[in-house]
Amino acid sequence: MFASVVLSATLVWPPPRHITTSGAPLAVGAIDIQPSRTSARLSRTIDRFFPLTLVEGSQLTLRINITGPASDDDAAVTSSTCYHYTLHVRAPDAIVTSCSVHGAAYALETLTQLLSHGNGALPNIDVDDAPQYAWRGLMLDTGRRFIPVPLVENMLDTMAAVKLNVLHLHASDFCRFAVESKVFPNLTAALTGDMAGHYSQDDVRGLIAYAADRGIRVVPEFDVPGHARGMLPIEGSVHFCTDKASRSQLYDDPAGETYAAVHSLVKEMASLFTDEVLHLGCDETKATGPCSTNSTFGFERRLVDAVSAEFGKT
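Bear in mind the structure is a predicted one, so any value in this text is a computation, not a measurement. (Residues numbered from 1 in each chain as written. Predicted model: local features only at pLDDT ≥ 70, side-chain atom pairs only at ≥ 80, totals over all residues. Heavy atoms only, no water.)

Enquirer: Now, about the packing of helix 4 (residues 149–161) against helix 6 (residues 201–212): what can you tell me, with residues and values included?
Expert: Close contact between helix 4 and helix 6 brings their axes to 10 Å; oriented N to C, the two are set at 15 degrees. The pairing of helix 4 with helix 6 is recorded here as roughly parallel in orientation. Of the two possible hands of crossing, helix 4 and helix 6 adopt the one that is right-handed. Mapping the contact onto sequence places Val149, Val152, Glu153, Leu156 and Asp157 in helix 4 and Asp203, Leu207, Tyr210 and Ala211 in helix 6. Partitioned by chemical class, the residues of the contact of helix 4 with helix 6 number 6 nonpolar, no polar and 3 charged. (Axes fitted to C-alpha atoms, helices over the stretch in contact; angles between N-to-C directions. Helix = DSSP H or I, 4+ residues; strand = E, 2+ residues; numbered from the N terminus. Parallel < 35°, antiparallel > 145°, perpendicular 65-115°, else oblique. Left-handed = near helix turned anticlockwise from the far one by under 90°. Contact = heavy atoms within 4.5 Å. Nonpolar A, V, L, I, M, F, W, Y, C, P; charged D, E, K, R; others polar.)

Here it is, written out as structure tokens:
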């Protein structure tokens, strides 16, 4: 038996909490997958890892046992989603036990890596694994440059392969607003040249569903009141601290027009993005023109309170 620390570093990434192997590797060949129950997401998960399943004459029977409620299989991914799993291989059986379909997916990812490392052969294997951190994220800055949907899906596949579970979609910044708004359609309709490209609301729904099948949450971030130059297409509905070409900080005008517009926009985005968390990037503001430290902080505080009290998000 090899030391688990050596095995975890060389066979599986990220390293499982516990992994041991023993015995001579045996060729696996075809795999017969027998889940203890069926669900749409579990079926898609199995198909993603092993396109050829239930093959006659298989040399390994993969049994998947999920202990959590069946009603959770197709539910939204949240901060409390469980990813723990065990994997025990004793030819001709490989047994996965997990708390959720997403834990089963992590087990299948581990098994896939072991098969790849062993060129299709497996020794006796014991794995007991669960993530150390609840938030295992990657940020994509689509507020500066558009990242096409197929590339985002590729990134989600890559995240799943290394067991990351939060796509932090930085969707607005100094340059642009990256998500279609039905309330303010000119936010994206006005994007041209290097700033062109945006996600339709159907794109967002598709990415959320694609991510959820891989155990990944999509958390959006919108930058206000600083880094808000992307809102220039709706100037008039919002006001800026300066009238220079470099203006990018929103002004909390006494009439409340800026706050009302941003409130409507963030409310729309909170409804579109289904995750429990909505990120407001309130960075890099300053006292300039009519914008004081107090007025800027007051704007941020009212918006943060609205996200929690009105939109039901953290």
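From this point, the narrative continues.
Enquirer: Give a detailed account of empty space enclosed by the protein, specifying residues and quantitative values.
Expert: On inspection of all chains with the given rule, the structure shows 1 cavity of 30 Å³ or more. Looking at the largest cavity, its volume works out to about 30 Å³. What lines the largest cavity is Ser172, Asp173, Arg176, Phe177, Asp223, His227, Ala228, Gly230 and Met231. Here the residues of the lining of the largest cavity sort into 3 nonpolar, 3 polar and 3 charged. (1 Å grid on protein atoms, 1.4 Å probe; cavity = no way out; pocket = protein on both sides within 12 Å on 5 of 7 lines; lining within 4 Å. Points joined across faces, edges and corners; volume = space filled by probe spheres on them.)

Enquirer: Can you lay out the nonpolar core for me, pointing to particular residues and giving the numbers?
Expert: Counting residues in each nonpolar core, the largest one holds 46 residues, and the members touching the most others are Met231, Val262 and Phe273. Top contributing element to this core by residue count: helix 7 (residues 257–272), with 8 residues. Excluding residues that lie within four positions of it along the chain, Met231 makes contacts with Phe177, Leu187, Val224, Val238, Phe240, Leu250, Val262 and Leu265. One finds Val28, Phe50, Leu62 and Ala107 within the second-largest nonpolar core, a separate group that totals 34 residues. (Core = buried A, V, L, I, M, F, W, Y, C linked by side-chain atoms within 4.5 Å. Buried < 20%, exposed > 50% of the residue type's maximum accessible area, 1.4 Å probe, protein only.)

Enquirer: Give me the lowdown on the state of the cysteines, citing residues and values where you can.
Expert: Enumeration according to the criterion identifies 2 disulfides in this entry. What pairs with Cys82 in a disulfide is Cys99, and their sulfur atoms sit 2.0 Å apart. The sign of the -100 degrees torsion about the S-S bond sets the Cys82-Cys99 disulfide as left-handed. With Cys82 in the loop between strand 3 (60–66) and strand 4 (85–90) and Cys99 in the loop between strand 5 (93–98) and helix 3 (101–117), the pair connects residues that are 17 residues apart, well separated along the chain. The class for Cys82 is partly exposed, based on a relative accessible area of 33%. At a sulfur-sulfur separation of 1.8 Å, the disulfide partner of Cys241 is Cys291. A torsion of -95 degrees about the S-S bond marks the disulfide between Cys241 and Cys291 as left-handed. Of this pair, Cys241 sits in the loop between strand 9 (217–222) and helix 7 while Cys291 is found in the loop between strand 10 (279–280) and helix 8 (293–309), placing the two residues 50 residues apart along the sequence. Note on accessibility: Cys241 and Cys291 belong to one class, buried. Cysteines bonded in the protein chain are numbered consecutively along the chain; their disulfide partners then correspond to 1-2, 3-4. The thiol sulfur of Cys175 is not disulfide-bonded, and the nearest other cysteine sulfur, from Cys241, lies at 18 Å. For Cys175, a relative accessible area of 29% puts it in the partly exposed group. (Disulfide = S-S within 2.5 Å.)

Enquirer: Give a description of the sheet that holds strand 4 that names residues and reports values.
Expert: Spatial strand order, 1-6-4-5-3-2: 6 strands in an open sheet with mixed pairing. Among the strands making up the open sheet, the edge pair consists of strand 1 (18–27) and strand 2 (31–35). When the angles between neighbouring strand axes are averaged without regard to direction, this sheet yields 15 degrees. Here strand 2 pairs with strand 3 via 5 bridges, running parallel. Across the sheet, residue Asp32 finds its bridge partner in strand 3, namely Thr61. On top of the sheet, helix 3 reaches strand 1, strand 2, strand 3, strand 4, strand 5 and strand 6 (121–129); it is set at about 40 degrees to strand 4, its chief contact. (Pairing = 2+ DSSP bridges.)

Enquirer: Tell me what's going on with the pairing of strand 8 (residues 166–170), and back it up with residues and numbers.
Expert: Of all 5 residues in strand 8, 5 are buried, a share of seventy percent or more. The alternating pattern of strand 8 places Val166, His168 and His170 and Leu167 and Leu169 on opposite faces, both of which are buried. Sheet topology places strand 7 (residues 137–141) next to strand 8; 5 bridges connect them, and they run parallel. When the sheet's bridge partners are listed, Leu140 is paired in strand 8 with Leu169. Bridging between strand 8 and strand 9 involves 5 bridges; their strand directions are parallel. Bridge pairing in strand 9 places His168 opposite Val219.

Enquirer: Can you lay out the packing of aromatic side chains for me, pointing to particular residues and giving the numbers?
Expert: Here the structure, examined in full by the defined rule, presents 5 aromatic pairs. Judged by centre distance (5.0 Å) and plane angle (50 degrees), the rings of Phe146 and Tyr199 are tilted. Pair noted here: Phe146 is in the loop between strand 7 and helix 4 and Tyr199 is in the loop between helix 5 (186–189) and helix 6, with a separation of 53 residues, a long-range link. Ring plane angle 90 degrees and centroid distance 5.8 Å describe the contact between Tyr259 and Phe299, whose orientation is recorded as edge-to-face. With Tyr259 in helix 7 and Phe299 in helix 8, the pair connects residues that are 40 residues apart, well separated along the chain. (Phe/Tyr/Trp six-rings, centres within 6.5 Å; stacked < 30°, edge-to-face > 60°.)

The analysis is restricted to geometry; functional conclusions fall outside its scope.
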